Amino acid sequence: MENKQKLSVLEKLSYGAGDLACNLFWGIVCIAGMFYSDIFGLNPSDAGLMMMIIGYLDIVIDIFIGGASDRCNTKYGKFRPWILYGMIPFCVAGIFAFFTPDFSMGGKLVYAYISFFLFRILYAVVNVPYGALLGVLSEDPEERDSVSAYRNIGAQIGFWLSFAMVMKFAQGMKDLTGAATSTSFFYVILIYGVVAMCLLFCTFYFTKERVTPVKEQNNSLKDDLSDLVKNRQWWCLSLAGIALILFTACHNTAATFYAKYFLADIEVVEPGSKIVEISATQDNKKTPIYTLESGRVDTASVGVIVVAGDTIAIERCFETLTADGKSVNIKDKSARGESAEPQVGDNLSFFKYKISGTCFGMKVDWELFYALFASLGTLFTILGTMLIKPIVSKFGKKNVWIGCFLLSALISLLFLFIPKDGLSAIILLNCLFTLVIGPTGFIMWSMYADVADNAEVETGRRATGLIYTSATMAQKLGYAIANSLPLFGLAMVGFIANDVNITADIKDSVKTIFVLVPLVGAALGILSLVFYTIDNAKIAENSKKLAEMKAASSNKEE
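Keep in mind that this is a model prediction, so the values were computed, not measured. (Residues numbered from 1 in each chain as written. Predicted model: local features only at pLDDT ≥ 70, side-chain atom pairs only at ≥ 80, totals over all residues. Heavy atoms only, no water.)

Undergrad: Can you tell me about the packing of aromatic side chains, naming the residues and giving the values?
TA: Considering all chains together, one arrives at 42 aromatic pairs under this definition. Look at phenylalanine 35 and phenylalanine 40: their rings are 5.8 Å apart centre to centre, the planes differ by 50 degrees, and that puts the pair in the tilted class. Judged by relative accessible area, phenylalanine 35 falls into the buried class, the value being 0%. Measuring from ring centre to ring centre gives 5.8 Å for phenylalanine 201 and tyrosine 205, while their planes differ by 20 degrees; the resulting arrangement is stacked. Here the residue phenylalanine 201 and the residue tyrosine 205 both occupy positions in helix α8 (residues 181-206), the gap between them amounting to four residues, near one helical turn. By relative accessible area, which is 52% here, tyrosine 205 ends up exposed. Across from the ring centre of phenylalanine 204, 4.6 Å away, lies the NZ or CZ of arginine 80, which sits over that ring. (Phe/Tyr/Trp six-rings, centres within 6.5 Å; stacked < 30°, edge-to-face > 60°. Buried < 20%, exposed > 50% of the residue type's maximum accessible area, 1.4 Å probe, protein only. Helix = DSSP H or I, 4+ residues; strand = E, 2+ residues; numbered from the N terminus. Lys NZ or Arg CZ within 6 Å of the ring centre and 35° of its normal.)

Undergrad: Pulling in residues and values, what's your account of the pattern of salt bridges?
TA: Here the structure, examined in full by the defined rule, presents 17 salt bridges. The residue aspartate 140 makes a salt bridge to lysine 6 at a minimum N-O spacing of 3.4 Å. In this pair, aspartate 140 is assigned in the loop between α5 (105-133) and α6 (141-164) and lysine 6 in the segment before α1 (9-30), connecting sequence segments 134 residues apart. On the basis of relative accessible area, aspartate 140 is assigned to the buried category, the value being 2%. Note on lysine 6: relative accessible area 55%, which makes it exposed. (Salt bridge = Lys/Arg side-chain N within 4 Å of Asp/Glu carboxyl O.)

Undergrad: So what's going on with unusual backbone geometry? Which residues, and what values?
TA: One non-glycine residue with positive phi stands out, namely phenylalanine 360, at about 55 degrees. Given a relative accessible area of 45%, phenylalanine 360 falls into the partly exposed group. Despite not being glycine, asparagine 498 has its phi angle at roughly 50 degrees, a positive value. Looking at where asparagine 498 falls in the secondary structure, it is placed in the loop between α15 (464-492) and α16 (504-516).

Undergrad: So what about the environment of methionine 197? Which residues, and what values?
TA: Mapped onto the secondary structure, methionine 197 falls in helix α8. Along the sequence, methionine 197 and asparagine 454 sit 257 residues apart, while their C-alpha atoms lie 34 Å from each other. Filtering out sequence-adjacent residues up to four positions away, methionine 197 remains in contact with Met87, Ile88 and Cys91. (Contact = heavy atoms within 4.5 Å.)

Undergrad: Quick rundown of the side chain of lysine 260? Include the residues and the values.
TA: Here lysine 260 lies in helix α10 (residues 232-263). One polar contact links lysine 260 to aspartate 38, side chain to side chain, over a distance of 2.6 Å. Once residues within four sequence positions are removed from consideration, lysine 260 is found in contact with Met34, Asp38, Glu315, Tyr353, Trp366 and Asn498. (Polar contact = N/O pair within 3.5 Å; in protein donor to acceptor, adjacent residues only side chain to side chain.)

Undergrad: For the pairing of strand β1 (residues 264-280), give the residues involved together with the corresponding values.
TA: Working note: regular strand, side chains alternate between the two faces of the sheet. When β1 meets strand β8 (residues 347-355), the two strands line up antiparallel, connected through eight bridges. Residue valine 268 lies in a different strand from β8, and its bridge partner there is phenylalanine 351. Where β1 meets strand β2 (residues 288-292), five bridges bridge the pair, whose relative direction is antiparallel. Bridge assignment links glutamate 277 to a residue of β2, and that residue is threonine 291. (Pairing = 2+ DSSP bridges.)

Undergrad: So what's going on with a nonpolar patch on the surface? Residues and values would help.
TA: Residues Leu410, Leu413, Leu414, Leu416, Phe417 and Leu516 make up a contiguous nonpolar surface patch of roughly 560 Å² in combined accessible area. On the secondary structure map, phenylalanine 417 appears in the loop between α12 (397-413) and α13 (423-437). (Patch = residues over 30% accessible without salt bridge, like charges linked within 9 Å, V, L, I, M, F, W, Y side chains within 5 Å. Areas by Shrake-Rupley, 256 points an atom, 1.4 Å probe, with all protein chains shown as cover.)

Undergrad: Mind laying out the pairing of strand β6 (residues 315-321), listing which residues take part and the relevant values?
TA: With six of seven residues buried, β6 lies mostly within the body of the structure. The pairing of β6 with β8 spans five bridges and is classified as antiparallel. Bridged to glutamate 315 within β8 is phenylalanine 351. Where β6 hands over to strand β7 (residues 327-329), the hairpin turn is made up of five residues, of which glycine 325 adopts a positive phi near 85 degrees.

Below is the structure:
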């Protein structure tokens, strides 16, 4: 007896829309290092530590949500109610996690911990059951592979809109409104939140849970955890999942710094002028107004200045003199340190980032270059997902995944040899990189369904929610490490965000971190998959056994 439960295109699209919604926020998490250091204003090491701590705490919460969803029985099913009741709190928390309050540095750090942690909890409330939903949409392994492909495409579209485009959208909003970068960024996130809410409702409304356990289960969470810990295939796949995220997310996180701080150069718009007075606006006592020796009056609440009648989007850098007369950023260790605030007597410089050379014949700023870099990468990930299925069918999921790790690692090394003005070559190389490694997300989600089937055959118990929780845990652990590693590396080499005095050595270090740090993930992934043993023959065998077990259970009940 074979399992054949076909799904409509509408249901597959609706399921994929759920990951599009989640990735509208998760893409922002992937560039949270840039957000918290460049926009929110935290020191890179503080931001990295905050994201790592919350990432680890979040993983513990995932276990309980996965176990709870397995035991949830409602008229809507086990997993869909979590999406219905969690989508509004999740989207609201996501919006305010990326809001920049007008607090002191200490107040901002506390706000970041609380808001980011709340967002990650509510993300888990929606995303963990959403992931498990894939395992109960159909018993047919081919249909699950198809749905997984739709999910990966939806995820890539959401990831593109957030990870690739958010900086350009924020820049456009800044040009349109004249608001500060932090405010413009928040406006974009607000729009994302509304869109995500609508998409998640479609996922709830147009999907249906069909797969039930072979028999009613009364086993405890402790029993399920015991089975999971003993499951060798789960361990191998989870480690490979962590490695995949470590590889790709380190690449993606470091790419924002690579584009802004390595490829782009500093262009001074107005040289440093001494601050002669600091006052506060009437409507907001915490927003300082700087009166400069040059006669300019400036406030950080706006992201532009007017020079010779032209309105120019700028960055600011506050500098002071060291004991030996050298002009440095006030946050430099040789000056006042990480939490320094501007004082009367400091110099305020206005500058912007400018990329030399052309990209496919176009002049680009760093935001547009980065948008092209990430957007075309997303497009090629979707293309790879559509092309890779016959390759997986012929060679097996494990073998194809290992091959993708090897080839993409070699491609990544080539970034070391492209000069900074070779913009078109950098874009094309990243397209090749994402074409090869991007589709492995589809492979991973499909393999978790295989692990759930294999565990049910071996133990007689099904814990879809808990097994898919492990997939989300692997993602989050990978992201916790990947988001933090580049920041720690940057802090170690003395990097300071938006420093007009950035040195050539630090720029080269940004490039090195972008290229070499992600390769740790590729090595770990290959090692983990070597010990994974569920191949195509085993998948077919498990599908047949599960159908027989359910038929036998049904006959006994009659």
